[in-house]
Amino acid sequence: MKKVILPLMSVIILALIAGAVWLFMNLQEQKQVNRDMQELAELDKQEMENEYERFALQYSEMKTQINNDSIVEQLTQEQMRTQQLLEELKKVKADDAREITRLKKELATVREVLRSYIIQVDSLNRLNESLKEENSRVSAELEQRTAQVAGLSSEKASLSEKVAIAAQLDATNINLTLINKRDKDTKKLKDTRKMRVSFTITKNVTASNGNRTVYVRIQNPGGNTLSGGGSFPYENKNLEYTMKKTVEYTGEELTINTYWDVSQMLEGGQYRVSIFADGNMIGSRTFNFE
């Protein structure tokens, strides 16, 4: 009887050891995934901080180029608001999704307000040039108006960077939908045959019209990009995309749908969708699927 019990105990002990080893390896892998997701969140937060700092600097530079007390006061208020939001962002943890989302929306608002001031200053500059052309015919009137717009004749080159920021597209209402083999929406990854990413490019009267190639990048819980068979340049490197679509942008609001046929096993967890156009990341959002 003892000869039977001893081998059985050995088998049980070996099974327990194997189970412990598997559990340890699985925990280590999960920790690595969590570290990767945290790193992505930190990079996203740092990018937002850089944008806030750049916008605050733009307000400061614009104040030196105009001589209108009313506009300078407005720019000062917007600059202070931008700096306040930057300080709030610096105090927020990268994994605080609710606060990061709120501050990302605030960032879009700051960008929109900055665009309006760029347009206003540019309009004043063009008015100043028009007054100069009429100098020979209405010199007296020109002198009076020139005094009102003194300091607004800076060269167009000094506003080129600001115009580029104002012309940057924004993607909002980003959604990731799972679709089954009957082309119906589903919440189960195992039934998914397609993924649909839909989003809206907001209205932007300062952006140039014409064809735009929009790249959609979906990253799985492991941080890997769902393959779409190609790549695109972004910040001195090439990034793999999941889908791309060429659309005609006219400056008005535009809704876009893109589809990806599932070609690999989908794992449960957090999926990140990033939208790129004109060399910029114009929007991103995360989704959780079981």
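What counts and what doesn't
Per chain, residues are indexed from 1 in the order of the written sequence. Residue-level local features of this predicted model are given only where pLDDT is at least 70; pairs of side-chain atoms are given and counted only at 80 or more, and the full residue set underlies all totals for whole chains, interfaces and linings. As a rule here, side-chain values come from all non-hydrogen atoms in the structure, and water together with hydrogens is ignored. Think of it in three bands: with a 1.4 Å probe and only protein chains considered, a residue is buried below 20% of the maximum accessible area for its type, exposed above 50%, and partly exposed in between. Think of it this way: any DSSP run of H or I at least four residues long counts as a helix, any run of E at least two long counts as a strand, and we number them from the N terminus. Whether two strands pair depends on DSSP finding at least two bridges between them. Axes here mean lines fitted to C-alpha atoms, for a helix over just the part in contact, with angles spanning 0 to 180 degrees between N-to-C directions. Patches here are clusters of residues that have more than 30% relative accessible area and form no salt bridge, with a 9 Å joining cutoff for like charges and a 5 Å cutoff for nonpolar side chains (Val, Leu, Ile, Met, Phe, Trp, Tyr). Accessibility throughout is a Shrake-Rupley quantity obtained with a 1.4 Å probe, and a residue counts as covered only by protein chains that appear here. When a carboxyl oxygen of Asp or Glu lies within 4 Å of a side-chain nitrogen of Lys or Arg, that pair is called a salt bridge. The charge count includes Lys and Arg as positive and Asp and Glu as negative, but it does not include His or the ends of the chains. The atom standing in for a charge is NZ when the residue is Lys, CZ when it is Arg, CG when it is Asp and CD when it is Glu. Lining residues are those with an atom within 4 Å of a point, where the points come from a 1 Å grid over the protein atoms alone and group into cavities, where a 1.4 Å probe fits but cannot get out, or pockets, open sets with protein on both sides within 12 Å along at least five of seven lines. Grid points are joined across faces, edges and corners, and a volume is the space filled by probe spheres set on the points. Gly is put with the polar residues, along with every residue not named as nonpolar or charged; the nonpolar set is Ala, Val, Leu, Ile, Met, Phe, Trp, Tyr, Cys and Pro, and the charged set is Asp, Glu, Lys and Arg. For this analysis, a nonpolar core means a set of buried residues of the types Ala, Val, Leu, Ile, Met, Phe, Trp, Tyr and Cys, connected via side-chain atoms within 4.5 Å. In what follows, residue pairs with any heavy atoms lying within 4.5 Å of each other are defined as contacts. Aromatic contacts are taken between Phe, Tyr and Trp rings whose centres are within 6.5 Å, Trp giving its six-membered ring; a plane angle under 30 degrees counts as stacked, one over 60 as edge-to-face, and the others as tilted.

## Thoughts on the pairing of strand β4 (residues 210–219)
At step 1: Burial runs high along β4: seven of the ten residues are buried.
At step 2: Strand direction decides the pairing type here: β4 and strand β7 (residues 243–249), joined by seven bridges, are antiparallel. Following the sheet pairing, Thr213 is matched in β7 by Thr246.
At step 3: Of the pairings in the sheet, the one linking β4 to strand β9 (residues 269–277) comprises six bridges and is antiparallel in character. Its bridge partner being in β9, Gln219 is matched across the sheet by Arg272.

## Points about the sheet that holds β7
At step 1: Read from one edge of the open sheet, four strands run β7-β4-β9-β10, paired in antiparallel fashion. The outermost strands of the open sheet, each flanked by one partner alone, are β7 and β10 (280–289). When strand polarity is set aside, the average angle formed by the axes of neighbouring strands in this sheet is 20 degrees.

## Section: a positive patch on the surface
At step 1: There is a patch of like positive charges on the surface, built from Lys181, Arg182, Lys184 and Arg193.
At step 2: With respect to the secondary-structure elements, Lys184 resides in the loop between β1 (171–179) and β2 (185–186).

## Overview of the pattern of salt bridges
At step 1: Throughout the structure, instances matching the rule amount to eleven salt bridges.
At step 2: Here Arg54 ties to Glu51 by a salt bridge, and the two come within 4.0 Å at their closest N and O atoms. Of this pair, Arg54 and Glu51 both sit in helix α1 (residues 2–63), separated by three residues, roughly a single helical turn.
At step 3: On the basis of relative accessibility, which here comes to 11%, the residue Glu51 falls in the buried class.

## Here we look at the sheet that holds strand β3 (residues 194–201)
At step 1: If you trace the four strands from one edge of the open sheet to the other, you get β2-β1-β3-β8, paired in antiparallel fashion. Each having just a single partner strand, β2 and β8 (254–261) make up the two edges of the open sheet.
At step 2: With two bridges connecting them, β1 and β2 associate as antiparallel partners. Within β2, the position partnered with Leu178 by the bridge is Thr186.

## Some words on the environment of Val121
At step 1: Looking at the element boundaries, Val121 is found in helix α3 (residues 97–133).
At step 2: A residue is classified by how much of its surface remains accessible, and Val121, at 5% relative accessible area, is buried.
At step 3: For the pair Val121 and Ile71, spaced 50 residues apart in sequence, the C-alpha to C-alpha distance is 9.2 Å.

## Quick notes on the layout of surface pockets
Vacant regions in the atomic arrangement are exposed by a probe of water-molecule size rolled over the atoms.
At step 1: Approximately 950 Å³ is the volume found for the largest pocket.
At step 2: As for the largest pocket, its lining consists of 32 residues, and the residues nearest its centre are Asp44, Thr101, Lys104, Ser284 and Arg285.
At step 3: Sorting the residues of the lining of the largest pocket by element identifies α1, α3, β1, β9 and β10 as the ones contributing at least two each.
At step 4: Here the residues of the lining of the largest pocket are counted per class, giving twelve nonpolar, nine polar and eleven charged.

## A word on the nonpolar core
At step 1: Formed by 28 residues in total, the largest nonpolar core has its most connected members in Phe199, Ile218 and Ile275.
At step 2: Excluding residues within four positions of it along the chain, Phe199 makes contact with Ala171, Thr172, Asn173, Ile174, Val214, Val216, Leu254, Thr255, Ile256 and Ile275.
At step 3: Among the nonpolar cores identified, the runner-up in size contains 22 residues, and Met48, Leu75, Val110 and Leu114 belong to it.

## Some details on the packing of aromatic side chains
What describes a pair of aromatic rings is the distance from one ring centre to the other and the angle between the planes of the rings.
At step 1: Evaluated as defined, the whole model comprises seven aromatic pairs.
At step 2: Aromatic pair Tyr215 and Phe232: ring centres 4.6 Å apart, planes at 15 degrees, arrangement stacked. Of the two residues, Tyr215 sits in strand β4 while Phe232 sits in strand β5 (residues 230–234), which places them 17 residues apart along the sequence.
At step 3: Residue class for Tyr215 comes out buried when judged on its relative accessible area of 18%.
At step 4: Each ring, one from Phe232 and one from Tyr241, has its centre 6.5 Å from the other, and the planes form 40 degrees; the classification is tilted. Across this residue pair, the class does not change: Phe232 and Tyr241 are buried.

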